[in-house]
Amino acid sequence: MTKAVLGIIGGSGLYDLPGLQNVREEHIASPGRAVGCGPIGDIDGLPIVFMSRHDKGHRLSPTDINYRANIDVMKRAGVTDLISLSACGSYKENLPPGTFVIVDQFVDRTHNRATSFFGTGCVAHVSMAHPTAPRLRMRIAEAAEAESIAVARDGTYVCMEGPQFSTLAESLTYKGLGYSVVGMTNLPEAKLAREAELCYATVAMVTDFDCWHPDHDAVTVQDIIRVLMANAEKAARLVARIAKDFPREHEPCPIGSDRALDTAIITAPEARDPELLKKLDAVAGRILNG
Ligand SMILES: CSC[C@H]1O[C@H](OP(=O)(O)O)[C@H](O)[C@@H]1O
Ligand SMILES: Nc1ncnc2[nH]cnc12
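Calculation rules
- Residues numbered from 1 in each chain as written.
- Chains lettered and ligands numbered in written order.
- Predicted model: local features only at pLDDT ≥ 70, side-chain atom pairs only at ≥ 80, totals over all residues.
- Heavy atoms only, no water.
- Near = heavy atom within 4 Å.
- Polar contact = N/O pair within 3.5 Å; in protein donor to acceptor, adjacent residues only side chain to side chain.
- Areas by Shrake-Rupley, 256 points an atom, 1.4 Å probe, with all protein chains shown as cover.
- Helix = DSSP H or I, 4+ residues; strand = E, 2+ residues; numbered from the N terminus.
- Nonpolar A, V, L, I, M, F, W, Y, C, P; charged D, E, K, R; others polar.
- Buried < 20%, exposed > 50% of the residue type's maximum accessible area, 1.4 Å probe, protein only.
- Pairing = 2+ DSSP bridges.
- Phe/Tyr/Trp six-rings, centres within 6.5 Å; stacked < 30°, edge-to-face > 60°.
- Lys NZ or Arg CZ within 6 Å of the ring centre and 35° of its normal.

Student: Describe the site of ligand 2, with residues and values.
Tutor: Within the structure, ligand 2 sits among Ala87, Cys88, Gly89, Met160, Phe165, Val182, Gly183, Met184, Thr207, Asp208, Asp210 and Ile224. The separation between a nitrogen atom of ligand 2 and a polar side-chain atom of aspartate 210 is 2.8 Å. In isolation ligand 2 has 260 Å² of accessible area, and contact with the protein removes 94% of it. When contributions to the shell around ligand 2 are tallied by element, the ones reaching two or more residues are β5 (81–90), β10 (181–183) and β11 (199–208). Residue contributions to the shell around ligand 2 peak at three residues, all from β5. Residues belonging to the shell around ligand 2 are distributed by class as follows: seven nonpolar, three polar and two charged.

In structure tokens form, the structure reads like this:
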């Protein structure tokens, strides 16, 4: 049996995790990739590792975040299940600011991100057909309902490069294509979490209607921050409730997020690059050394 450890990545407006108990600062480095770990603690006895994606003071832009180091560190810290708490714009009238969308699908519109641990010397192709872990999503949705937080149990998140917000033409296109929400950060995490065999889910917390909505002006950071304050309080309650009800033993993922590398690595053992394999010790150790 594997002990369940919950990882939380906080996005815009979420630079710490209120309610985290028995906090200790531990430095877990990601070899060759730098970046340490956020505070480790627990809520109701469930071990929790917190990381602030943009760092304290919101220092890092979506393009500059070291997603590989963040996910690698989560893996090294023993995380089994990873939840992203993110701000997003909405493309649907019925998902107004304040709504928490438990994303089930992603569309990638980024073009300047490192989105794989693998590469020359060890190539792997994991499935991204179902990028989020259904059982984790269900637990988040149930916790949100128990806390009377307005929640949508699914939705498609389009991940744009940014850091500029969308043009009106982009916004209308994404809306027309049926996407639910837009953000700039979650797609690299979802891909890397899958390679690292972590169960991943996104809570996309709506802050604005982007710029498509005829009744709302173009989105500004000031407006977003106002909504973020309220969302942050709800997010802390949500995490506390998830932790309270979370199983203490990791439950096998019904879609195999936690075994994603079983059938993914294609490079022949004799063609593998020992230097790359060293860096993959945490992410792919189960399958490479197993
Ligand atoms: C501050 S608005 C734009 C910013 O907010 C979202 O960040 P995160 O996903 O980390 O909450 C969005 O993706 C942009 O990075
Ligand atoms: N409208 C928007 N577009 C992209 N990222 C966002 N994060 C919050 N609101 C956003």
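Resuming the write-up.
Student: Outline the pairing of strand β1 (residues 6–10), listing residues and values.
Tutor: Buried residues dominate β1, accounting for five of its five residues. In terms of strand pairing, β1 meets strand β4 (residues 46–52) through five bridges, oriented parallel. Counted as the bridge partner of isoleucine 8 is phenylalanine 50 from β4. Pairing of β1 with β5, which is carried by five bridges, proceeds in the parallel orientation. For glycine 10, the partnering residue across the bridge sits in β5 and is leucine 85.

Student: Before we move on, can you summarise the packing of aromatic side chains with the specific residues and values?
Tutor: In this structure the tally under the stated criterion is four aromatic pairs. A network of ring pairs unites the aromatic residues Tyr91, Tyr174 and Tyr179 as a single cluster. Over the aromatic face of phenylalanine 246 sits the side chain of arginine 139, whose NZ or CZ is 5.8 Å from the ring centroid. Its guanidinium or amino end placed over the ring of tryptophan 212, lysine 175 lies 4.1 Å from that ring's centre, counting from NZ or CZ.

Read these as layout, nothing more, since geometry by itself doesn't imply function.
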